[in-house]
Every structure is written in structure tokens, then in C-alpha cells.
Amino acid sequence: MKPAPFKYVVPDTVDEVLALQAEHEDEAKVLAGGQSLVALMNFRMAQPSVLIDLNGLTSLSGIENGGPVIEIKALTRQLEVERSATMTALPIVAEALRHVAHVAIRARGTFGGNIAHADPASELPALMLALEAEMVATGPDGERVIPAADFFKGYFTTSLEPTEILTSVRIPTKQPGAWAFMELARRHGDFALAGVATLLDVEDGRCRSARIALFGVADTPVRATEAEAFLVGKDPVGEVLEEAARITAEALNPSSDIHAPGAYRKKLSSVLVKRAVTAALNRGDMG
Amino acid sequence: MSVQETSTDAQDDLVVQVRVNGESRRGFAEPRTLLSDFLRHELGLTGTHVGCEHGVCGACTVLIDGEPVRSCLMFAVQAGGKEIETVEGLAKGAEMHPIQQAFQENHALQCAFCTPGFLMTVSALLDTNPDPSEDEIREYLSGNVCRCTGYVGIVAAVQSAAKKLRDQGGTADER
Ligand SMILES: Cc1cc2nc3c(=O)[nH]c(=O)nc-3n(C[C@H](O)[C@H](O)[C@H](O)COP(=O)(O)OP(=O)(O)OC[C@H]3O[C@@H](n4cnc5c(N)ncnc54)[C@H](O)[C@@H]3O)c2cc1C
Ligand code: FES
Ligand code: FES
């Protein structure tokens, strides 16, 4: 199918975008990489009457290393982030991106667009939770900084106001040393049935802190807070790890769809937590 | 604010000027015209195929400024001023591109519906990675679906094309 007609505008500044959003409200949609939106428009599941193309905003593209935080501008293409030398400081980001769709999608799809789209099966929202990143929203009253934990509100729903856009993402560079990113998908590049991002701070065989974020198992990405708390002070292997995995799954109630029943996803989440924590520890050992 | 060389008021048919396979081309497009349809219907470049129109099959893959992209997930007006490469640009007259030769020799196609998308994706892969491993090939091509051949012949074709190009000492682009 083909998209319904719309009025097409390419603003040069964020202020122009905000003015257009204020003027057209629900009628308007912003277009970033289009890798979700154009597909929805082709199927007429989205029919904005005004399309505000952000691709003219060069100021919204690029990666800045500001010492304690790396700031990724919203329009930076996913492939550019994956290949960026700056991002080698946070290798879990490129690892997660390699699980997002395919090269041709990542060449066009943007980092911010993926996060603003808030697909509960997406890799990046869960990664933002695990990295305790901050989303920078710009609206008529200026900038607003939203912690990842408060950003994802439900299926394809964020705490962005209709008058705001996501302008960048700030990721703290100081992160726990042991990490792993894993998912299970039917085919490489497909949306995951379930996946996990974990970061562990381990000293003398004990977890000082643990972060476990899951995707594909709820209407938003979720932190396995009970399991994280359980792991603190313990050696995350053997029965301890079994128990953490059990606690993770127990807190979840994934829904079923054509790809997999909820019970399967629940089971999968515990398997992935075990595998990911083990992989993180092994990577930590290797230095 | 602008709409590629046209005013925002003229929303019916906009003039879109692109470079395709090294040639300057211009045509008309509504804002909602997909790049895939613009290439096929407006510029007559029907080598770019359209399978799913939601980014899943890869048949419509073209190169824009050297990167593989889905032409079904872009509007033609967004391609204004860009350098586009389509499958028509691969062969030199009657002489097929080494990637095309390798596909033929390795039986990497049957109906050929998927082939233009594969060829363009492989061309991008071999430009950045002249000697990819089988895993790298399979990962890079994971976004292209072939319903006929299975992928064994396709992977073999990519390996053979990579070798041909290395032996010639050129990239996929500059033979
Ligand atoms: C075949 C295929 C497979 C895919 N597989 C995966 C996958 O495995 N994992 C995954 O995570 N994604 C996957 N995707 C989606 C892809 O990552 C998209 O690029 C991403 O979800 C949206 O980013 P975009 O820049 O293309 O945004 P767009 O499609 O342009 O926009 C998406 C939505 O976000 C809004 N939006 C975009 N940018 C902003 C902003 N700065 N501020 C406010 N709102 C904004 C738009 O209005 C729209 O509603 C896949 C896509 C395809 C076509
Ligand atoms: S037609 Fe574009 S990906 Fe299928
Ligand atoms: S050759 Fe028929 S789909 Fe690939």
C-alpha cells in the first residue's frame, strides 16, 4: 500500500519544529529515519496530515564526548553510533546495535527515533535503562532531562509531551565493568522474543551492584529490581544465579502473541539472565 | 524551511533532482511518493524491485551516498541532491559486474525477484569488507529475503565475487 497524502515540511531549526508541532498538534508527526514511521504510513496505520521531516536539522546529529557523559544527538544514524570511535568507551552500545534490524535499516534509522518509538521489544530502550541514561527533551519551555527509568510509559508510549521532541541522549561513561547483551530472535535482525542487557560491578567474587534490564517481556523495558537486589553481596554463580533468574521470571507476566506464548517468554527471561550474567563475568575475567 | 528546491505550498508535484548511477536525473513526485516508486515509475529504473513495502524483504535496497538503504522506507523528496546507485548501474554495457557474474556462476538466483536487492547489499558489503567471513556475509545479508534459492548459493557467490574483486585489485565500486 501507499501512504495517505500529507503536507511535507523540512524545518531548519528545532524552534521551527516546535512551532509546527504546536500549530498542528495531533495532526502532525515528526519523521526521523522513517524505518518505523514510513512502514506504518505505507500500511496506513499512521496517517499524519503534516509530516515534519527532521532530517534537515544537522544540529541534531553527532556524538559528543563530554567526559562523564557521552551525548548522542537524536538524529544520529544507528550505524554511525555503532561505528563511532567515541563509542568504544561503551562497547555494550555497539553490541546492542548489532541486534537492531539490519545494516540497511540502521544506515537510515536514528538512535533517538528508536528510543522515541518505544517499541517494548526494541534493544535500545532497555539498554538506556541498563546504562541509566538520560533523555533530553526540547519543548516550548526549553530543555527537560528525563531519566530512562521515567521515560518509557507503555507500548509505544513515552513521557515526551506532544509539544516536545527528543533531542539527545546522555549516557554516563562510568559504568560497571562486566557487561553482556543477549537476545533470542527467530532470525538475526528480527525483533527479539526476549532480550537482556546486564552490567555488573564485581569485586573479589562479590557483586557490588547489578543491573539487569529486559525487553520483549512487558509493555515497556523493565529492570529486574528484585533480582538485582538479591545479587548484591553475592557471588553470581551456581545456585545464587539460578535463584536470581527465578526471581527475574517470577516478577514478569509477558503477554502472548503470534511469535511466542507469554509463558515461553517468561521462561526465556530466566534463561537469558543466567547466560548474560555468566557471559558478563567471563568477559570481566578476561579484563 | 524548504521542500527540496520547491516551496512548501506546491504540495502536489515537487521536482526532485537526484544523481542516479552517476547521471543527473529529475522527475516529479508527490511528497508521499516512495523513492522505490519514483525510481521505477518516474525514472523508469524498474530494476529496483518492491516486495513488502515495510522494510522486511530487502528487494528495494539501493545505495544512497554509498550506504545500503530501503528505497520503500524513504520518500523521493528526501533523496533530493543525493547520489543513488541502483542495480542498473552495476553492468558496464553488456559486461556484467563481477558480483553479477558470481551470482550467475553460483546459481544464486532463480526467479531473480530478490536479486537486485542482494546485489546492491553485497556491493556495499564488499566495499567496506573485501574479504568477509561466512558469518559476516550471513549477518550482512540477514535483511534480504530470497524465497527460491536458499542462501547457500548466495553465500558462495559473495565469496567468489569477493575473490574476483580482490584479484582485480579494485573495490566493488571502482572496477
Ligand atoms: C525490517 C525492520 C526490522 C527492524 N528490527 C528492529 C529490531 O530488531 N530492533 C529495533 O529496536 N528496531 C527495529 N526496527 C526499527 C528501527 O530500529 C527504527 O529505525 C526505529 O524504531 C525508529 O527509528 P527511526 O529513526 O527510523 O524513526 P521514525 O520511523 O522516523 O520514527 C518513529 C517514531 O518516533 C517518532 N520520533 C522519531 N524521532 C523522534 C524525536 N527525535 N523526537 C520525538 N519523536 C520522534 C516519530 O514521530 C515516529 O512516531 C526494525 C525496522 C525494520 C523496518
Ligand atoms: S520492498 Fe522495501 S524492503 Fe521489501
Ligand atoms: S531468486 Fe526468487 S526470491 Fe530470490
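Residues numbered from 1 in each chain as written. Chains lettered and ligands numbered in written order. Predicted model: local features only at pLDDT ≥ 70, side-chain atom pairs only at ≥ 80, totals over all residues. Heavy atoms only, no water.

A. The overall build of chain B, seen in detail. The helix and strand tally for chain B stands at 5 helices and 5 strands. Sequence-ordered secondary structure for chain B, helices as α and strands as β, is β-β-α-β-β-β-α-α-α-α. Against the 2.2 N^0.38 benchmark of 16 Å for 175 residues, chain B shows a C-alpha radius of gyration of 17 Å, consistent with a compact globule. Its C-alpha atoms put chain B at 50 × 30 × 30 Å along the principal axes. When burial is assessed residue by residue, chain B has 49% of its 175 residues classed as buried. Here the contacts in chain B between residues at least 6 apart in sequence split such that 55% fall between residues at least 24 apart. Accessible area for chain B stands at about 7,500 Å²; split by element, carbon and sulfur atoms hold 48% of it. (Helix = DSSP H or I, 4+ residues; strand = E, 2+ residues; numbered from the N terminus. Rg over C-alpha atoms; globule rule 2.2 N^0.38 Å. Buried < 20%, exposed > 50% of the residue type's maximum accessible area, 1.4 Å probe, protein only. Contact = heavy atoms within 4.5 Å. Areas by Shrake-Rupley, 256 points an atom, 1.4 Å probe, with all protein chains shown as cover.)

B. Summary view of the domain arrangement of chain B. Residue and element names in this part refer to chain B. Under the domain assignment, chain B is made up of domain 1 (3-89) and domain 2 (98-167). Here domain 1 and domain 2 have C-alpha centroids that lie 23 Å from each other. The interface is formed by 17 residues belonging to domain 1 together with 14 residues belonging to domain 2. It is H49, L63 and V87 that lose the most area in domain 1 upon contact with domain 2, and together they represent 39% of the buried surface on that side. In this assembly, domain 1 and domain 2 are joined by 0 salt bridges. In this structure, the connection of domain 1 to domain 2 is made through 4 residue pairs in polar contact (both at pLDDT 80 or more). Taken together, the elements giving at least two residues each to the side of domain 1 that touches domain 2 come down to strand 3 (61-64) and strand 4 (67-70). Here the side of domain 1 that touches domain 2 takes 3 residues from strand 3, the largest share from any one element. Of the residues in the side of domain 1 that touches domain 2, the class split is 8 nonpolar, 7 polar and 2 charged. (Domains from an automatic or database assignment. Buried area = accessible area lost by both parts, 1.4 Å probe. Salt bridge = Lys/Arg side-chain N within 4 Å of Asp/Glu carboxyl O. Polar contact = N/O pair within 3.5 Å; in protein donor to acceptor, adjacent residues only side chain to side chain. Nonpolar A, V, L, I, M, F, W, Y, C, P; charged D, E, K, R; others polar.)

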